[in-house]
Amino acid sequence: MSETQTSERITVYSDYVCPFCYLGRESLRQYQATREEPLEIDWQPFDLRSQQRDADGEIDHSVDNGKDEEYYEQAKQGVRRLQERYDVEMELDLSREIDSLSAQIVSYYVKEHDDYETWLAFDEAVLEALWQDGRDIGDADVLVELAEDAGIDGDEVRAALADDALRAELHDRFAQARRQGVTGVPTFAYDGHAARGAVPPEQLERLVDGA
């Protein structure tokens, strides 16, 4: 993977299906826009639904994840507050049925095999497809379309989705994130310090620039 050697990088642990990750990325975008020097994203995958996956990797919605309707209603209210704060329109408040695992597999593959700008174009397309258009980012055909629009070969995407070794590597990354103390997303990390949640741009500025 090629990258701009002179760019600073902020590590972002996230799961595409998390609305606060989408809002956190908008906060990061607003902060990036204030900087003279570019700040690249070192995306790291995280699986919010790992405890609900069966042996085949599918989500078993019958498994209790400890989140009741009151939790989801509070989460929706939090999303709406942040939408207003960051001036963001969203098609969805929450996405409880769509599985992000396939999108994360493809994103991880692209991050490892293509340049930063190609990965970023795909990454942003996935976020927009889900949160702006309400599309199923767990659908292989949707992912192929988004990837091809970003200049990625569709056959590579289908091969990545069928690659058991790549899938196992991604799960290792999920486990690594938890070993590093990441328990929720988004988590922003820079130079040994971290901020969790869809924090405002000024907090990201303090994290990176110490302002």
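Residues numbered from 1 in each chain as written. Predicted model: local features only at pLDDT ≥ 70, side-chain atom pairs only at ≥ 80, totals over all residues. Heavy atoms only, no water.

### Observations regarding the overall build of the chain
Thought 1: A tally of helices and strands in the chain yields eight helices and four strands.
Thought 2: Traced from its N-terminal end to its C-terminal end, the chain shows the element sequence β-α-β-α-α-α-α-α-α-β-β-α.
Thought 3: Computed over its C-alpha atoms, the radius of gyration of the chain comes to 17 Å, within 12% of the 17 Å expected for a compact globule of 211 residues.
Thought 4: By principal-axis analysis of the C-alpha atoms, the chain measures approximately 45 × 45 × 35 Å. (Helix = DSSP H or I, 4+ residues; strand = E, 2+ residues; numbered from the N terminus. Rg over C-alpha atoms; globule rule 2.2 N^0.38 Å.)

### What to know about helix H3 (residues 101-113)
Thought 1: With 13 residues, H3 ought to run about 18 Å at 1.5 Å a step, and its terminal C-alpha atoms sit 18 Å apart, in line with that.
Thought 2: Counting buried positions along H3 yields eleven of 13 residues, so the element is predominantly enclosed.
Thought 3: Here H3 has its buried residues at Leu101, Ser102, Ala103, Gln104, Ile105, Val106, Ser107, Tyr108, Tyr109, Val110 and Lys111. (Expected span 1.5 Å × (residues − 1). Buried < 20%, exposed > 50% of the residue type's maximum accessible area, 1.4 Å probe, protein only.)

### A short note on the environment of Thr11
Thought 1: With respect to the element layout, Thr11 can be found in strand S1 (residues 8-14).
Thought 2: For the pair Thr11 and Thr187, spaced 176 residues apart in the sequence, the C-alpha separation amounts to 8.1 Å.
Thought 3: The residues contacting Thr11, other than those within four sequence positions of it, are Asp42, Gln44, Thr187, Phe188 and Ala189.
Thought 4: At a separation of 3.4 Å, a polar atom in the side chain of Thr11 contacts the side chain of Asp42. (Contact = heavy atoms within 4.5 Å. Polar contact = N/O pair within 3.5 Å; in protein donor to acceptor, adjacent residues only side chain to side chain.)

### Focus on the sheet that holds strand S2 (residues 39-45)
Thought 1: Strand order in the open sheet formed by four strands is S2-S1-S3-S4, with mixed pairing between adjacent strands. Whereas interior strands pair on both sides, the edge strands pair on one side only; in this sheet they are S2 and strand S4 (193-196). Each strand axis lies, on average, 25° off the axis of its neighbour in the sheet, ignoring direction.
Thought 2: The sheet contact formed by strand S3 (residues 187-190) and S4 spans four bridges and is antiparallel. (Pairing = 2+ DSSP bridges. Axes fitted to C-alpha atoms, helices over the stretch in contact; angles between N-to-C directions.)

### Regarding the pattern of salt bridges
Thought 1: All chains considered together, the criterion is met by 14 salt bridges.
Thought 2: Here Arg35 makes a salt bridge to Glu8, at a shortest N to O gap of 2.5 Å. Of the two residues, Arg35 is situated in the loop between helix H1 (19-32) and S2 and Glu8 in strand S1; the sequence distance between them amounts to 27 residues.
Thought 3: Under the relative-accessibility criterion, Arg35 is labelled buried at 14%. (Salt bridge = Lys/Arg side-chain N within 4 Å of Asp/Glu carboxyl O.)

### Here's the deal with the confidence of the model for the chain
Thought 1: For the chain, the average pLDDT comes to 92, and 93% of its residues sit at 70 or higher.
Thought 2: In the model, residues 1-5 has pLDDT below 50 throughout and makes ten contacts with residues more than four positions away in sequence or in other chains. (pLDDT = per-residue confidence, 0-100.)

### Re empty space enclosed by the protein
Thought 1: Under the counting rule described, the total for this entry stands at one cavity of 30 Å³ or more.
Thought 2: Considered as a void within the structure, the largest cavity measures approximately 30 Å³ in volume.
Thought 3: Looking at the largest cavity, the residues that line it are Ser14, Asp15, Tyr16, Cys21, Arg25, Asp123 and Leu127.
Thought 4: Every element with two or more residues in the lining of the largest cavity is listed here: H1 and helix H4 (116-131).
Thought 5: Counted by class, the lining of the largest cavity contains three nonpolar, one polar and three charged residues. (1 Å grid on protein atoms, 1.4 Å probe; cavity = no way out; pocket = protein on both sides within 12 Å on 5 of 7 lines; lining within 4 Å. Points joined across faces, edges and corners; volume = space filled by probe spheres on them. Nonpolar A, V, L, I, M, F, W, Y, C, P; charged D, E, K, R; others polar.)

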